Amino acid sequence: MGKKYDVIIIGSGIGGLVTAGMLSKAGFNVLVLEKHSYPGGYCTSFKRKGFIFSPGAHLMGAIGNKNVSLGRLFTRLKVDVDFIRLNPMDHIHFPDRTYFIPGDLESYQDFLIREFPAEKENIKQYLKIFRGSYRYFLRGQLSNPYFNGELKGTFQELLDSFFNDNKLKTILSCQWGYVGLPPAKVSFFSMFLTMGSYIIDGAWLVKGGAQKLSDALVARIRENGSEVKLRCQVKKIVHDDKKVNGVILENNTTVLSDIIISNADLNHTYYDLMDSTKLNHTYLERFKKMRPSLNFFLLFLGVKDFPGIEKIHGWHYKSYNLNLPGNSPLYIYIPTLFDKSLAPGGKQIVQVMTEFPYQFSEIKDWEKCKRELTEKILVKLGKKYPELIPHIEIIESATPMTNKKYTFNTKGAGYGWEKTPDQIFFDFDPEDNVLENFYKVGHWTPWGYGTAGVANSGNYIVSTIIYKSKTT
Ligand SMILES: Cc1cc2nc3c(=O)[nH]c(=O)nc-3n(C[C@H](O)[C@H](O)[C@H](O)COP(=O)(O)OP(=O)(O)OC[C@H]3O[C@@H](n4cnc5c(N)ncnc54)[C@H](O)[C@@H]3O)c2cc1C
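Residue positions are given per chain, counted from 1 along the sequence in the order it is written. Whole-chain, interface and lining totals are the exception, using all residues; otherwise, since this is a predicted model, local features are given only for residues with pLDDT of at least 70 and side-chain atom pairs are given and counted only at 80 or more. Side-chain metrics in this entry use all non-hydrogen atoms of the structure; hydrogen atoms and water are not considered.

A.B. asks: Quick question: what am I supposed to make of the packing of aromatic side chains here?
C.D. replies: What describes a pair of aromatic rings is the distance from one ring centre to the other and the angle between the planes of the rings. Pairs were defined over the aromatic rings of Phe, Tyr and Trp, the Trp ring being its six-membered one, requiring ring centres within 6.5 Å. Orientation was assigned from the angle between planes: stacked under 30 degrees, edge-to-face over 60, tilted for the rest. Counted under the stated rule, the structure contains 42 aromatic pairs. Taking 5.1 Å as the distance between ring centres and 80 degrees as the angle between the ring planes, the aromatic pair formed by Tyr-178 and Trp-315 counts as edge-to-face. With Tyr-178 in the loop between helix 6 (166-173) and helix 7 (188-200) and Trp-315 in strand 16 (residues 314-316), this residue pair connects regions lying 137 residues apart in the sequence. Each residue is placed in one exposure class: buried if its accessible area under a 1.4 Å probe, protein chains only, is under 20% of its type's maximum, exposed if it is over 50%, and partly exposed if it falls in between. What makes Trp-315 buried here is its relative accessible area of 3%. To sit over a ring, a charge needs its Lys NZ or Arg CZ within 6 Å of the ring centre and within 35 degrees of the ring normal. Sitting over the ring of Phe-408, Lys-35 keeps its end group 4.4 Å from the ring centre. For helices the rule is a DSSP run of H or I covering at least 4 residues; for strands it is a run of E covering at least 2, with both sets numbered from the N terminus onward.

A.B. asks: How should I be thinking about the domain arrangement of the protein in this particular structure?
C.D. replies: Interface extent is often summarised as the accessible area lost during association of the parts. Residue ranges for the domains originate in an automatic or database domain assignment. Domain annotation for the protein reports domain 1 (4-45 + 210-291 + 417-471), domain 2 (87-200) and domain 3 (296-355 + 364-398). On a C-alpha basis, the centres of domain 2 and domain 3 stand 27 Å from each other. Contacts between the two partners involve 20 residues from domain 2 and, on the opposite side, 16 residues from domain 3. Of the roughly 1,500 Å² buried between domain 2 and domain 3, counting both surfaces, carbon and sulfur atoms make up 58%. Summed over the three residues of domain 2 that lose the most area to domain 3, namely His-91, His-93 and Trp-176, the buried surface amounts to 36% of that side. By salt bridge we mean one thing: a side-chain nitrogen of Lys or Arg within 4 Å of a carboxyl oxygen of Asp or Glu. Linking domain 2 to domain 3 there are 0 salt bridges. Pairs of N or O atoms within 3.5 Å make up the polar contacts considered here, provided that, within protein, one atom can donate a hydrogen while the other can accept it, and that residues adjacent in sequence are counted only when both atoms are side-chain atoms. Linking domain 2 with domain 3 are 11 residue pairs in polar contact (both at pLDDT 80 or more). At the level of secondary structure, the elements contributing two or more residues to the side of domain 2 that touches domain 3 comprise strand 7 (90-93) and helix 6. Residue contacts are counted whenever heavy atoms from the two residues lie within 4.5 Å of one another. Buried area counts how much accessible surface, traced with a 1.4 Å probe, disappears from two parts once they are put together, with both parts' losses summed.

A.B. asks: Mind showing me how you'd approach empty space enclosed by the protein here?
C.D. replies: Vacant regions in the atomic arrangement are exposed by a probe of water-molecule size rolled over the atoms. Site definitions follow a grid-based scheme: protein atoms alone, a 1 Å grid, a 1.4 Å probe that fits but cannot get out for cavities, and for pockets an open set with protein on both sides within 12 Å along at least five of seven lines, plus lining residues having an atom within 4 Å of a point. Grid points are joined across faces, edges and corners, and a volume is the space filled by probe spheres set on the points. Within the structure shown, the criterion is met by 5 cavities of 30 Å³ or more. Taken as a whole, the largest cavity encloses approximately 120 Å³ of empty space. Along the walls of the largest cavity sit 16 residues, with Ser-54, Val-206, Gly-209, Tyr-333 and Leu-342 positioned nearest its centre. Counting only elements with at least two residues in the lining of the largest cavity, the list comes to strand 5 (51-53), strand 9 (204-206) and strand 18 (347-355). Under the convention adopted here, Pro, Cys and the residues Ala, Val, Leu, Ile, Met, Phe, Trp and Tyr are nonpolar, Asp, Glu, Lys and Arg are charged, and Gly plus all remaining residues are polar. Across the lining of the largest cavity, the residue classes break down as 11 nonpolar, 4 polar and 1 charged.

A.B. asks: Can you walk me through the sheet that holds strand 19 (residues 392-398) in this structure?
C.D. replies: Neighbouring strands of a sheet are bound in pairs by backbone hydrogen bonds; such pairs are parallel or else antiparallel. Spatially, 7 strands are ordered 8-7-16-17-18-15-19 in an open sheet, and the strand pairing comes out mixed. Each end of this open sheet is capped by a strand with a single partner; those strands are strand 8 (98-101) and strand 19. The average angle at which neighbouring strand axes cross in this sheet is 20 degrees, direction not considered. With 4 bridges connecting them, strand 7 and strand 8 associate as antiparallel partners. Bridging from a neighbouring strand, His-93 pairs with Thr-98 of strand 8. Should DSSP find at least two bridges between two strands, the strands are taken to pair. As a rule, the C-alpha atoms of each element are fitted with a line to give its axis, helices using only the stretch in contact, and angles between N-to-C directions run from 0 to 180 degrees.

A.B. asks: Help me understand the sheet that holds strand 20 (residues 438-440) in this model?
C.D. replies: Pairing in this open sheet of 5 strands is parallel, and the strands run 10-3-2-14-20 from one edge to the other. The sheet is open, and its two edges are formed by strand 10 (227-229) and strand 20, each paired on a single side. Here the strands of the sheet are splayed against their neighbours by 20 degrees on average, with no regard to which way each runs. Sheet contacts for helix 9 (residues 266-273): strand 2 (7-10), strand 14 (260-262) and strand 20; angle to strand 20, the most-contacted strand, approximately 150 degrees.

A.B. asks: What exactly am I supposed to notice about the side chain of Ser-293 here?
C.D. replies: Looking at where Ser-293 falls in the secondary structure, it is placed in the loop between helix 10 (281-288) and strand 15 (296-304). Take Ser-293: its relative accessible area is 9%, and that puts it in the buried class. Side-chain polar atoms of Ser-293 contact the backbone nitrogen of Tyr-415, separated by 2.9 Å.

A.B. asks: I keep staring at the packing of helix 3 (residues 105-115) against helix 6 and nothing clicks. Help me out?
C.D. replies: Any two packed helices are characterised by how steeply their axes cross, that is the angle between the axes, and by the distance between the axes. In the contact formed by helix 3 and helix 6, the axes pass within 11 Å of each other and the chain directions differ by 155 degrees. Compared by their axis directions, helix 3 and helix 6 come out roughly antiparallel. Crossing hand, helix 3 versus helix 6: right-handed. Here Tyr-108, Phe-111 and Leu-112 of helix 3 come into contact with helix 6, specifically with Leu-168, Ile-171 and Leu-172. Residue classes in the contact of helix 3 with helix 6 are distributed as 6 nonpolar, no polar and no charged. We call two directions roughly parallel when the angle between them is under 35 degrees, roughly antiparallel when it is over 145, roughly perpendicular when it lies between 65 and 115, and oblique otherwise. Crossing handedness follows the turn of the near helix against the far one: under a right angle anticlockwise gives a left-handed crossing, and clockwise gives a right-handed one.

This is the structure we're talking about:
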């Protein structure tokens, strides 16, 4: 039997690390257990021949706001990381032209009005509501002067109620890749939260790669006297039908705590780690109907620099109709344009991200699938940018199975649950908790996904735990 902790956190994704950082700062003795040899989950980096690739989270929102999520955390914990702000935050390529999307609200408004002067008043009204409601949504206040709790619409429905110009609606939706669904399917609430975190509170890269952020958080947690144990997989959560008592590790050691927080995938948590027969049956029936978000195929290229490489960077669409099946964007990301430290001198990183085109369960041979998709994308890139191919020095790729293997996320999903209007408020009520003193943080909770969203989920749970500890 191991020692007893105030809180055990399963998983060191950003959700788990933020929670541990804040709780350890508040004086709780916390143990974070991570199965992988690196902390961070999707917020990580890997190195090949001097290139530093960050395969998951890279562009981070909400850092510029000291009152919420990551911004709040960095202020309170004084996390020792340098950030690079992107403004413009995105380059969006359509067949006839490229748009540069500003990464601050004032320039964003100016840009939209310049491009669509006939919609000037509608744009102003829309952005007023966007900014105002985003602040309320961040705090979980769904009933607010802007929406009064009526949040069931898609982003397309919302845009149709404001604007006439279809191209304007496309430009407002063209960053849907960050939320995982095109405008006709995605909840406007999720789109506001994500785009608000970037356009209102700034879009930032971690200098030196995403792993630096996870490592810095681990350093702070340890300085606060708490522990982060790597290569330490949780096998079971010890519980009865009312409350949790601790965890059992792969080596069969039991570690005790009256408070358990899962930052892991929820299917894994309920069905592998817990005894689901002891959990609330009605809740689990609702849970089983939930759909995970999209998953990705990723290509990582280390290339020799060549003139004009910067023109490739950005989201590439085949048409302005974003809801058209098959018009999922190809995202080509060149982080070395902003951070030279990620590659040896005279070299660049080109990362390509695309929606995985198959059903996860259809794939029998993942290695073959990886080889074929790598080849297919290289052929596509070669047709559009022939000068790129001879400059490639390193090729790595990742499928949804790679993501699942490293993080246990269901089907390698990138953003937790699919952000449709019918799914976004699942688990929103704290009473949905399946057991006493058991909590969830991360992108399978309604507080959001992405580094800003999962940090927000951590902030919320930390407040709940601190409040409870003072009142009981
Ligand atoms: C390709 C891709 C690109 C993305 N791009 C961005 C982006 O640009 N910006 C952005 O903000 N977000 C981005 N995201 C989303 C973002 O990365 C995630 O939403 C977020 O990082 C998830 O954090 P999390 O705290 O929920 O945990 P996760 O990152 O899912 O981590 C969970 C951790 O729990 C551990 N774990 C699971 N089970 C156990 C167990 N039994 N015992 C011990 N440990 C366990 C796992 O090993 C893992 O480390 C991207 C995601 C992907 C896949």
